[in-house]
Amino acid sequence: MIAHYPPHYKQFQCIAGKCPDSCCIGWDVVVDPASAAAYEKESAPIGEHIRSVLRKDEDGDFVFSKKANGNCPFLNRQNLCEIQCHLGEKALCDTCRCFPRITQEYEGLIEHDLSITCPEAARMLFSLRPWELQLTAISNDTSAVIADPQLQKLLSQREQLFASFKDISQPAVGQISACLRLSCQWEQRTFAKDVPCSSTSCLQFLTGCSILQPQWRSILNRSLAGTYSPENLLDSTLDKEIRAFAWDFLYRHYLQGISDDMASLRVQMMAFAVLSVLTIICHDNDTPGARTDLWRQFVKEIEYDAENLTLLEETLCTDPEFSCGALAAALELLQEKPTDFDRRNV
């Protein structure tokens, strides 16, 4: 088995109570069966509280019932976990012990990553310089190889896409446009020079999705009502953020194309995500907190919600407004003539 790690993976440490957000808010915490069985037998005083909020959901999974405000019932006022405080880290369920560490397994390959819904993981990712966007491959078996030819092909393609984000000879949005063209060529998908998709279309799609957090709804409403300010794109660190986000998105998603022969759809999804966040940056001048929160919010709201993610995939496959050509044209417009991107009155 070969294991892949991003450059910042092994340096990650949870900052616990110092975290500006919390992975204990707004989620259904799924409890693995072994932990659920241990909680049923827990004799410490907190055991009774654990059992009172442990239930099975409609999918048959054990979960902790969220409080009315959406918080995990064990999140205390110091933003710390009461289970860990009383019973130690060993008593945490798999979800809480591992997050934001995530893994994806393929034949002969396991890929490790850190979810950027975690503020500290996001900070570490966006601090990487383009030439540091490089995976580390580790194997305990020196003879380990990836035998599946389709997986080999996708890995080779992904490396070519990765290389574009390390190439700073042109802006990141231009590199993403080139990635769209290249991925369509690989799958012999039609790539037409379409009319650029509009900023309004991106925002309307996002507002039509299920909204998980009130903060996200406020951001979208302000963006729809806001004044278009392309000068917001001139921040020198934005290009670096785009490269890191695009690289990490394709790291998580591109190989999933092995199941449906639509790896190019993952490039399309990444391009839409980047265009959507840039649209918000151009229209919302009042977003509180760091700009990296916008990337995190997009992942939370769209990528981590099954219904929203399915809706995005279906829309990208059927709506000409979001074709690969339309997304590429919009990105090129942002690169060459950003003042022309806002088409809310068209």
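One can find the structure itself at the top, above this paragraph.
Note that this is a predicted model, so its numbers are computed, not measured.

Caption draft 1: Here's a closer look at the packing of helix 11 (residues 263-283) against helix 14 (residues 324-336). At a minimum axis distance of 10 Å, the contact between helix 11 and helix 14 shows a crossing angle of 40 degrees. The angle between helix 11 and helix 14 places the two elements in the oblique class. Our pair here, helix 11 against helix 14, has a crossing hand that is left-handed. Between helix 11, through Q268, A271, F272, V274, L275 and L278, and helix 14, the contact on the second element is made entirely by C324, L327, A330, L331 and L334.

Caption draft 2: Summary view of helix 1 (residues 33-41). Inspection of helix 1 places S35, A36 and Y39 among the buried residues, and these make up the whole buried set. Buried positions in helix 1, seen along its axis, are confined to an arc of 100 degrees and lie on one side of it. Residues of helix 1 that are exposed and point more than 90 degrees away from the buried face comprise P33, A34 and K41. Turning to helix 1, the residues buried within the fold contact strand 2 (30-31), helix 2 (46-53), strand 3 (54-56), strand 4 (62-64), helix 3 (82-87) and helix 4 (94-98).

Caption draft 3: Representation of the packing of aromatic side chains in the model. Tallied over the entire structure, the rule returns 12 aromatic pairs. Ring geometry for F205 versus F272: centroids 5.3 Å apart, planes at 85 degrees, classification edge-to-face. Here F205, found in helix 8 (residues 199-208), pairs with F272, found in helix 11; they are 67 residues apart in sequence, far enough to count as distant. Note on F272: relative accessible area 1%, which makes it buried. Seen from their ring centres, F272 and F322 are 5.4 Å apart, and the 90 degrees between their planes marks the pair as edge-to-face. With F272 in helix 11 and F322 in the loop between helix 13 (306-318) and helix 14, this residue pair connects regions lying 50 residues apart in the sequence. Ring pairs connect the aromatic residues F126, F245, F249 and W295, which therefore count as one cluster.

Caption draft 4: Representation of the pairing of strand 1 (residues 2-5) within the structure. Burial along strand 1 is two-sided: I2 and H4 and A3 and Y5, pointing in opposite directions, are all buried. Direction of pairing for strand 1 relative to strand 7 (residues 136-138): antiparallel, over a ladder of three bridges. Bridge pairing in strand 7 places A3 opposite I138.

Scoring rules and cut-offs
- Residues numbered from 1 in each chain as written.
- Predicted model: local features only at pLDDT ≥ 70, side-chain atom pairs only at ≥ 80, totals over all residues.
- Heavy atoms only, no water.
- Axes fitted to C-alpha atoms, helices over the stretch in contact; angles between N-to-C directions.
- Helix = DSSP H or I, 4+ residues; strand = E, 2+ residues; numbered from the N terminus.
- Parallel < 35°, antiparallel > 145°, perpendicular 65-115°, else oblique.
- Left-handed = near helix turned anticlockwise from the far one by under 90°.
- Contact = heavy atoms within 4.5 Å.
- Buried < 20%, exposed > 50% of the residue type's maximum accessible area, 1.4 Å probe, protein only.
- Arc of directions from axis to C-beta.
- Phe/Tyr/Trp six-rings, centres within 6.5 Å; stacked < 30°, edge-to-face > 60°.
- Pairing = 2+ DSSP bridges.

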